[in-house]
Amino acid sequence: MGSEIKTVAADNLSDNPRPSLFINAISNWASLSVNICVAFFLTPYLIRSLGKGDYGIWALLGSVVGMYGLLDLGVGSAVMRYVAYYLGRKDNSALNESFNSSLVLFSGIGLVCTALTFVLVRPLAVFFMVSEANFVNFQRSMWFLGLATALSFPGNVLRTAVLAHERFIPCNIVRIITELMRPCLFVTAIILGYGLQGITFAILIIALVSFVCHIVLFVLFCPSIIIKPQLTNWISTRQLLLFGLPAAVSILAAIFQLKLDNIVIARYLDMSLVTSYAVGAMLVNFLARFLISANSVLDPRFSQLVGTKDHEQVLKLYLRSLSLLTSLTFSVGVALILIGKPFILLWVGEGYDETYKVLVCLVVARMSHVSQYPTMSLLFALNRHRIYAVLTLLEGFANLGLSILFVKRWGIVGVAMGTMIPMVLCKFVVLPLYTGTQVDISARQIYLTIGRPVVLITALGGLGHYCFHPQSLSWVGTIGAFCILTLLFVATGSFLGQSKEYRYSLVEIGHRFIPFTRRDKLR
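What counts, and where the lines are drawn
Residues numbered from 1 in each chain as written. Predicted model: local features only at pLDDT ≥ 70, side-chain atom pairs only at ≥ 80, totals over all residues. Heavy atoms only, no water. Helix = DSSP H or I, 4+ residues; strand = E, 2+ residues; numbered from the N terminus. Buried < 20%, exposed > 50% of the residue type's maximum accessible area, 1.4 Å probe, protein only. Contact = heavy atoms within 4.5 Å. Areas by Shrake-Rupley, 256 points an atom, 1.4 Å probe, with all protein chains shown as cover. Phe/Tyr/Trp six-rings, centres within 6.5 Å; stacked < 30°, edge-to-face > 60°. Lys NZ or Arg CZ within 6 Å of the ring centre and 35° of its normal. pLDDT = per-residue confidence, 0-100. Salt bridge = Lys/Arg side-chain N within 4 Å of Asp/Glu carboxyl O. Expected span 1.5 Å × (residues − 1). Polar contact = N/O pair within 3.5 Å; in protein donor to acceptor, adjacent residues only side chain to side chain. Core = buried A, V, L, I, M, F, W, Y, C linked by side-chain atoms within 4.5 Å. Axes fitted to C-alpha atoms, helices over the stretch in contact; angles between N-to-C directions. Parallel < 35°, antiparallel > 145°, perpendicular 65-115°, else oblique. Left-handed = near helix turned anticlockwise from the far one by under 90°. Nonpolar A, V, L, I, M, F, W, Y, C, P; charged D, E, K, R; others polar. Patch = residues over 30% accessible without salt bridge, like charges linked within 9 Å, V, L, I, M, F, W, Y side chains within 5 Å.

Some words on the overall build of the protein chain
- The helix and strand inventory of the protein chain stands at 19 helices and 0 strands.
- Expressed as a percentage of its 523 residues, the buried residues of the protein chain come to 52%.
- Taking contacts inside the protein chain between residues at least 6 apart in sequence as the whole, the part at least 24 apart equals 84%.
- With the model as given, the accessible surface of the protein chain reaches about 23,100 Å², and the carbon-plus-sulfur share is 68%.

The following block contains the structure:
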């Protein structure tokens, strides 16, 4: 009887109209805007309060603990795919088996993560040549961050189940609450004199609050799923692992791209230079996360459409999202390059001359990566991401090798160049060719979809570089220039950079919202 009720619940849930992708994207942007604002105002305060040395340790620990993402084994992406997929197929039995298998697996990974945290502290301190005076600070901070990360593994399974139901708004409300807790707890810890240990302990508290909130959201928004570890079985676990293995390879590559740069700098240069690099990388990550947060709503939608075998809608959604995201990504990226120097000066002050060069290299790299998010999302939904994972891993190895090679000659700028070169080649040259062999779209069509806006926006940005040379601006002037440039580039890429058919569709949408422009009104 219980299973029948659950099956009916799943049917009713799947029959409900899907939440709007636009509204979900807006909620993602809202939560990310809070996150960026908090980090934006908190970062200079932390650098001044902790000093370049302790802040370098903070950034380094974030990179080291971030490598625990490898323990995910790619199953996180598999949870999103299969929960959404089985919802689309209304297969309640497979849905519950897959979810419970992932929850048990991730709880075990959390325990492994906890053990590693305590075992690896001293070897890492020796590897990074942490002084005895800073060892206790390093040790306890790593303990707190490791425990927070361990708690996030089962919490992310609950969160992913809610997101697979496309309930982004409540998840983002929780994220906003926990983000607002961060500055309050950080500032309190520093005022009380706890320094780096205090802010890492605050991270642990926030992780615990987030975990409890996601339990509540799971109960409210996932009525078709029951937590019952007895439903765990090897078939579902194997399915998750087989899907997740290529994703794990992609995670490894992402760690090479985003986490190892700080480690290379700390090993071959100086801990204080980690701070100089982290400032530029943080600005670029703000950009990337802002854009990806809007497009992460595509993940469950692609999987559900694949589950319903609506291939026409899948391809239509793919081309539209790819075109719009490419225009938006390059618009924001080129605008950031143009106002980067005065922005860094206003944000963290003097003494960061090399940071702007790092910023330029990383913007080019991340623009290439983020603009291809719809491609990656589609390949994962179709379960055709294995070759993509291998390509990304090769990119990651090239990234690490070039960074080590270049750091000896060009310092932190060389590390950024080592990230940029393989990422651009992989995401903008090789990936469209591979995608054309996996879906009913030619590589030429993909190149045209991304090529038009890229050429136009880059050309306009090059013109702006010769006409626009701000050395020092006020906050109002800098932000105003960034917004104006972004809007100009977006308008160029989103309209002139599109096909004739797509421009006509945009005009029709405009007629819908501006009644006096309709042809029947003009007659």
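The structure having been displayed, the exposition proceeds.
Focus on the packing of aromatic side chains
- Per the stated rule, a full pass over the model turns up 16 aromatic pairs.
- Among the aromatic side chains, those forming a connected cluster through ring pairs are Phe 40, Phe 41, Phe 286, Phe 343, Trp 347 and Trp 475.
- Here the guanidinium or amino end of Arg 122 rests over the ring plane of Phe 135, the centre of that ring lying 4.2 Å away.
- Directly above the aromatic system of Phe 127 lies the positively charged group of Arg 267, at a separation of 4.7 Å from the ring centroid.

Observations concerning the environment of Leu 322
- By the secondary structure assignment, Leu 322 is in helix H12 (residues 311-348).
- For Leu 322 and Asn 295, which are 27 residues apart along the polypeptide, the C-alpha to C-alpha distance reads 9.8 Å.
- Excluding its chain neighbours within four sequence positions, the residues that come into contact with Leu 322 are Ser 371, Gln 372, Pro 374, Thr 375, Ile 446, Thr 449 and Ile 450.

Examining the confidence of the model for the protein chain
- On average, the protein chain scores 81 in pLDDT, and the residues at 70 or more come to 85%.
- Of all helices and strands in the protein chain, the one with the weakest mean pLDDT is helix H1 (residues 2-15) (40), whereas helix H7 (residues 195-221) scores best (93).
- Note that pLDDT drops below 50 for residues 1-15; the model gives that stretch 19 contacts with residues more than four away or on any other chain.
- Counting interchain partners and residues more than four positions distant, the pLDDT-below-50 stretch residues 509-523 has 8 contacts.

Details of the pattern of salt bridges
- Applying the stated criterion across every chain, the model contains 3 salt bridges.
- A salt bridge links Lys 427 to Glu 395; the shortest N-O distance between them is 2.7 Å. In this structure, Lys 427 and Glu 395 share a single accessibility class: buried.

Things to note about helix H13 (residues 355-370)
- Taking 1.5 Å of rise per residue, 16 residues should cover 22 Å, and H13 covers 21 Å from first to last C-alpha, within 8% of that figure.
- Across the 16 residues of H13, 13 count as buried, placing the element largely inside the fold.

Brief notes about the environment of Gly 333
- With respect to the helices, strands and loops of the structure, Gly 333 is situated in helix H12.
- Residue class for Gly 333 comes out buried when judged on its relative accessible area of 0%.
- Considered as a pair, Gly 333 and Ala 288 are 45 residues apart in the sequence and their alpha carbons are 9.1 Å apart.
- Discounting chain neighbours no more than four positions away, the residues touching Gly 333 are Leu 287, Val 363 and Met 367.

Details of the side chain of Ser 27
- By the element assignment, Ser 27 lies in helix H2 (residues 21-66).
- A relative accessible area of 11% means that Ser 27 is categorised as buried.
- There is a polar contact of 2.8 Å between the side chain of Ser 27 and the side chain of Asn 172.
- Ignoring sequence-local partners within four residues, the contact set of Ser 27 consists of Phe 168, Ile 169 and Asn 172.

Topic: the nonpolar core
- Ranked by internal contacts, the top residues of the largest apolar core, which has 140 residues, are Phe 138, Ile 199 and Tyr 277.
- Element by element, the count of residues in this core is highest for H2, at 18 residues.
- Excluding its chain neighbours within four sequence positions, the residues that come into contact with Tyr 277 are Asp 261, Asn 262, Ile 265, Val 358, Leu 362, Ile 412, Val 415, Ala 416 and Thr 419.

A closer look at the packing of helix H5 (residues 132-164) against H7
- At a minimum axis distance of 8 Å, the contact between H5 and H7 shows a crossing angle of 10 degrees. In terms of orientation, H5 and H7 fall into the roughly parallel class. Considering the relative orientation of H5 and H7, their crossing is left-handed.
- Among the residues making up the contact of H5 with H7, the classes are represented as 21 nonpolar, 6 polar and 2 charged.

Focus: a nonpolar patch on the surface
- On the surface, Phe 22, Ile 23, Ile 26, Ile 169, Ile 173 and Ile 177 cluster together into a nonpolar patch covering about 540 Å² of accessible area.
- Elements that contribute at least two residues to the nonpolar patch include exactly H2 and helix H6 (168-191).
- Mapping Ile 177 onto the fold places it in helix H6.
- Given a relative accessible area of 44%, Ile 177 falls into the partly exposed group.

Remarks on unusual backbone geometry
- Positive phi values are uncommon outside glycine, yet Lys 90 reaches one of about 60 degrees.
- Topologically, Lys 90 is positioned in the loop between helix H3 (75-89) and helix H4 (92-127).
- The backbone of Glu 166 shows a phi angle near 65 degrees, a positive value even though the residue is not glycine.
- Structurally, the position occupied by Glu 166 is in the loop between H5 and H6.

A few points about the side chain of Ser 101
- Tracing the sequence through the fold places Ser 101 in helix H4.
- Polar side-chain contacts of Ser 101 include one of 2.8 Å to the backbone oxygen of Glu 97.
- Only 3.4 Å separates the side chain of Ser 101 from the backbone nitrogen of Asn 233, close enough to count as a polar contact.
- If sequence neighbours within four positions are ignored, Ser 101 has contacts with Leu 231, Thr 232, Asn 233, Ser 236, Thr 237 and Leu 240.

A short note on the environment of Leu 46
- Inspection of the secondary structure puts Leu 46 in helix H2.
- Each C-alpha atom, one on Leu 46 and one on Trp 58, is 9.8 Å from the other, the two residues being 12 residues apart in sequence.
- What Leu 46 contacts, discounting residues up to four positions off in sequence, is Gly 51, Tyr 55, Phe 186, Ile 190 and Ile 199.

Let's talk about the packing of H13 against helix H15 (residues 386-438)
- Direction vectors running N to C along H13 and H15 enclose 20 degrees, while the axes themselves pass 8 Å from each other. One element, H13, and the other, H15, form an angle in the roughly parallel class. The crossing of H13 and H15 is left-handed. Taking contact as the criterion, the partners of Lys 357, Val 358, Cys 361, Leu 362, Val 364, Ala 365, Arg 366, Ser 368 and His 369 in H13 are, on H15, Ile 412, Val 413, Ala 416, Met 417, Thr 419, Met 420, Met 423, Val 424, Lys 427 and Phe 428.
- Taken together, the residues of the contact of H13 with H15 sort by class into 13 nonpolar, 3 polar and 3 charged.

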